[in-house]
Every structure is written in structure tokens, then in C-alpha cells.
Amino acid sequence: MNAFYLTASVGMAACLIAADAKAAEFGEAACSDLSGMVITRESISLPTTGAEVSKTEWVVTDDLGSFCRVSGATHPVDAEAPPIQWEIDLPSIWNGRMLQYGGGGYNGVLPDMLGPVVHGPLDTPVPLAQGYVTFGSDSGHTAMSTNDASFARNAEALANYGYMHIRKTLDVALMVVGAAYETEPVAVYYAGGSTGGREALIAALRWPEAYDGVISYYPTANFVGLRLWGSALNRAIYDDASAGWIPPELVKEISAFATDRCDELGGAKDGLVANMAACREQSSSVIEHFACPEGRADDRCLTPLQIERTIRTYHDGYTLPYELANGFNTYPGYNSLEGVITNLGTKRGYAEPVISGPNAHHAARAYEFFQHMIDQDDTFKYSTFDIAEPGPYKERLIEISEMIDANDPDLSAFAQAGGKLILVQGAEDPSVSPWGTVAYHDKIVETLGEDTASNFMRFYMLPGLAHGGGSFAPAWNSLAALDSWVIDGIEPVDYAATDTTDGVTRGRTLPVCQYPMWPRFKGQGDMRSAADFVCVSN
Ligand SMILES: [Ca+2]
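Residues numbered from 1 in each chain as written. Predicted model: local features only at pLDDT ≥ 70, side-chain atom pairs only at ≥ 80, totals over all residues.

Student: Is there a simple way to explain the domain arrangement of the chain in this structure?
Tutor: Interfaces are often described in size by the accessible area the parts lose on coming together. According to the domain assignment, the chain contains domain 1 (2–221 + 405–477) and domain 2 (224–404). Each of domain 1 and domain 2 has a C-alpha centre, and the two are 31 Å apart. Listed by partner, the interface residues are 29 residues for domain 1 and 32 residues for domain 2. The set of elements that each furnish at least two residues to the side of domain 1 that touches domain 2 consists of helix 5 (155–181) and helix 15 (434–448). Each residue belonging to the side of domain 1 that touches domain 2 can be placed in one class, and the counts come to 15 nonpolar, nine polar and five charged. (Domains from an automatic or database assignment. Contact = placed C-beta atoms within 7 Å. Helix = DSSP H or I, 4+ residues; strand = E, 2+ residues; numbered from the N terminus. Nonpolar A, V, L, I, M, F, W, Y, C, P; charged D, E, K, R; others polar.)

Here it is, written out as C-alpha cells:
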């Protein structure tokens, strides 16, 4: 915790030794002693009816060492609401740190607390094996699919998903850790991608004293804005008997053409678009190349309607005539004319419910959102909804935006408390707009000033990274970077990421560049080696 760390910073080394000495005594019997432990509602900052440990298990492994897996649930105030299921993994030798794992999509499952942090290195012991206490929750409901938002019809489950589960789970974990090791943590971190990335930002925004550092990958920070974009895409594609739908073969052709056209702008013909800004400057030529000649309309070219609706919505996003939380009224679109493969669905036809796969992915996510978070009386007509004129739904959209969105640019409390933020976005993300993350980053800098911002935040835009994999799926030790920064005050510098895709580029490395910089090939040397690239901004 920050307060603890700041007051005890002089005794840090002694503190770590003390934690280790105590930890050495933490074994199977102490693990078993945690069974049935009750955490009272007074120990939890937000409304619950308390929590309890339902199960403990002493686990001995070759690669992760020995640890105590503590499972349990936090009980709701509303008897109709589901409990929050959680897991806390306590290593036999604790390094004094706690790491909370974020979720994905609409959550409903426990994160993998035995794995690396999002895009963590594959050749380094995972956090639990390094001595971290790792923990996380299902965010307050269980679901077979992370696409399922039906839980949100319960107000408490919705508020838990929106933000409350984060703090409720931390408070429980702090009590369990206190009981297990009889000492306070040196540092508490949160790490996640997408929904987990949004949760990391929520942690820093809402509880700046409770978290010392967070890692946020491609966060759904402008959550409601993103869902509105999915709704706009739905209309763009399916209006007028799906006249805006573009066949997957043509989508792939556009992607390959754009990638090829922009590849060398980064100095290396390596299949990656490194200089995304320059690539965007020539995007209109991609449209010209694929535009149907007058009088022609078939599956191999883009009609004026497809360009004006679908291509524009995907590439340029929208501006609303009203504001959501924190003054956001735009969603900026994607690098869809720069190589990103858009997901417009495999089938031309519109269907309700809208399902990701046959239908556009974002149209489906937005459908779930409206059905369960916005429309509480089943009067909503998705196929004709206009995001610019939401009518009776406007108030609810703003209310949900204020609850769930994580795009308040004022992170000053977190910065002042010594918190550190590592924010990472992939340029090829088809799910969270890279330019949306840029817009949020820029607002933070504008709000706090460049000096303050650089003292607590790093923002990396990685070429090739999609939402998860991509054409360059980076692995690098963001957790070590964060921990050194928080504990030792060492600012992150000169990291390289290793490609973990399965293809021929696996194992190649690239520098991790701070936005607006990007990695340019030096012109000679090894295209597979980060050493032969340099971060530049033009
Ligand atoms: Ca390239």
C-alpha cells in the first residue's frame, strides 16, 4: 500500500527480509488454518454482507514452487445478486507484493492467477513463482461465455462488474494476506487487458491510495462509447438489407493491400506497419483502389454506400451531439485501412439476437449491452436505434458511462500518491480503438501537464499488436518495469518485446517505444533484432 510504503520506505530492505522470514514459516498447516476464515462486512470498503474462505488447498509444483490456493466468496447485499467468487494464491515464500488480475469481456470467470501478466514474458517465472501473492475474482457473476451480459439486469451485479468487485476483492485479499503472513504488503498492483485494462484504470482512478501501480493493456476505457460504436456499425452494415456488409474475402484483400502499401514506411519490409500515422495519411488511396467503377457493384469492390457507411464508421468513428462521462462524445475508429482485419461477420444477413461470428463482433457486443445494461423494460429496438438520437435511453447511457467508463483524465490523486501507470495499446487492435486510447492519454497529459504525466505514466503503442495476438504478439516484462519503478524509483527505459506468434516471425524482437514514437529499422542489420531498430517520432 502506498501509505505503508511511504512511511516505511527507509526500512524497505528490512521489511522485505521480515516478510521473507515470516513467509518461510508459511506452509501447509498455516494454509489449512485459513479454512473457514470469515471476513466481516466492516472489513470491506463497499457494501457486502461479508465474505468467507470456502476452501484451501496446499499445492506443490515443480515450476511454481509451493503455494496455498484460497478460494471463497463475498456475499451480496441483495439476496438476488450473485456472490463474488475469488481466488487468492499465497506463495510459501512471499516477496511482499500483491498482484490482482483483471478479467475480459463481460467477465464471469476467474482469471488465470497462475499465468503471466497480460503479454508477460514466456521465459521468466510467472508472478506467483516469483513470490507474488496473486488474486482475482469473477467480478460478481458466473457465466459460460464472456460475451454474456445478462447478469447486468441485477443492479448489484452490474455495479460489481462496473467497478465494485475490484475493491471488494482487494479488501478480502488484504485480510487473507494479513492472516497468512502477519505483515502488510510492500506494494499492490493491478494488471489486465481489455476489460482487465479498464479495471486497472478504475483501480488507479477510484482508489489511488490502495494501488501502487497498474498495467493497463488496450483498456475498454471508453466502454459506453465503444458499445455505441458497435451499435453504429450494426446500422452501417445491416440497414437496407445489409447493403453495407463487406464479404470477408474482400476485407482480407483490403487488409493485405494496405499492409503491403504501408510496410516500408517503417524502414523495413517485414510485414509490419510500424509508421501508422504516415500510413493513415494515405488511407484515401486504399478506398480509391477498391472503389467500384461507376455502374459496377459486386463482391470484389466497394460500393459508395459501403464506403460511406461501413468503411467510414470503422475507420473514422463518430461524434455525438451529447456528452458521456468525462466529456467524451467521440469514438475515433480503427486502423482498418492500414491493415487491420475488420470483423463484419461471415454472413450477410441481420439476425436477432446478433451473434459474434456470423454477425459483426462489435454489433453483437453492443446488442448484449443494450439488452441488459440499458434496456430494462424490453422496449428497445436495436435494428433502428440511432446513437445520435438515443431518446429515452440517453439518461441511462450517461448513468452507465459514469459507472463503468474509466476515462477520467484526472489521475492526479494516483500520481500524487506515488502510483505508476503502464498503458499499452496495439496499433492493430480491432476491438479497442488505438486512437481512443491515444485520445485518453492525451487528455491525461493535458490535464496533469507533461512533467507530472511522465513522472507516473508510460504509454506504449506497439505495432502489430491486435487485441491479444496480432502480427507481432509482444512479450515483455512490464511487471518488472512497474515494480522497479514503484519500489526503486527506476523509470522504465529501453525495453524490447519478443514476438510470440506461431509463424516465421516468432522470436524476433522490437523496441517498446513510447507513443508517439514507433520503431524504425536502421536500414541495415537484422530485421529480427530490436538492436537494429530505433524509436522515432517521424
Ligand atoms: Ca514494416
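There's more to say after this.
Student: So what exactly am I meant to see when it comes to helix 15 here?
Tutor: One turn of the α-helix equals 3.6 residues, which is why residues spaced by three or four share an orientation. With 15 residues, helix 15 extends 21 Å between its outermost C-alpha atoms, agreeing within 8% with the 21 Å of an ideal straight helix rising 1.5 Å per residue. Burial in helix 15 covers these residues: Pro434, Trp435, Gly436, Thr437, Ala439, Tyr440, His441, Ile444 and Leu448. In the core, the buried residues of helix 15 are packed alongside strand 10 (330–331), helix 14 (412–416), strand 11 (420–426), helix 16 (450–456) and strand 12 (457–462). Two residues or fewer after helix 15 comes Gly449, characterised by a positive phi angle close to 90°. (Expected span 1.5 Å × (residues − 1). Buried ≥ 20, exposed ≤ 12 C-beta atoms within 10 Å, placed from the backbone.)

Student: Quick question: what am I supposed to make of the environment of Glu253 here?
Tutor: Note that Glu253 resides in helix 8 (residues 248–262). Sequence separation between Glu253 and Thr74 is 179 residues; the distance between their C-alpha atoms is 50 Å.

Student: What exactly am I supposed to notice about the pairing of strand 3 (residues 66–74) here?
Tutor: Each regular strand displays side chains that alternate between the two surfaces of the sheet. Relative to strand 3, strand 2 (residues 51–60) runs antiparallel, the two sharing nine bridges. Bridged to Thr56 within strand 3 is Val70. Once strand 2 ends, the chain turns through five residues before running back antiparallel as strand 3, passing Gly65 with a positive phi of about 75°. Bridging between strand 3 and strand 4 (residues 84–91) involves eight bridges; their strand directions are antiparallel. Residue pairing in the sheet places Cys68 in a bridge with Leu90 of strand 4. (Pairing = 2+ DSSP bridges.)

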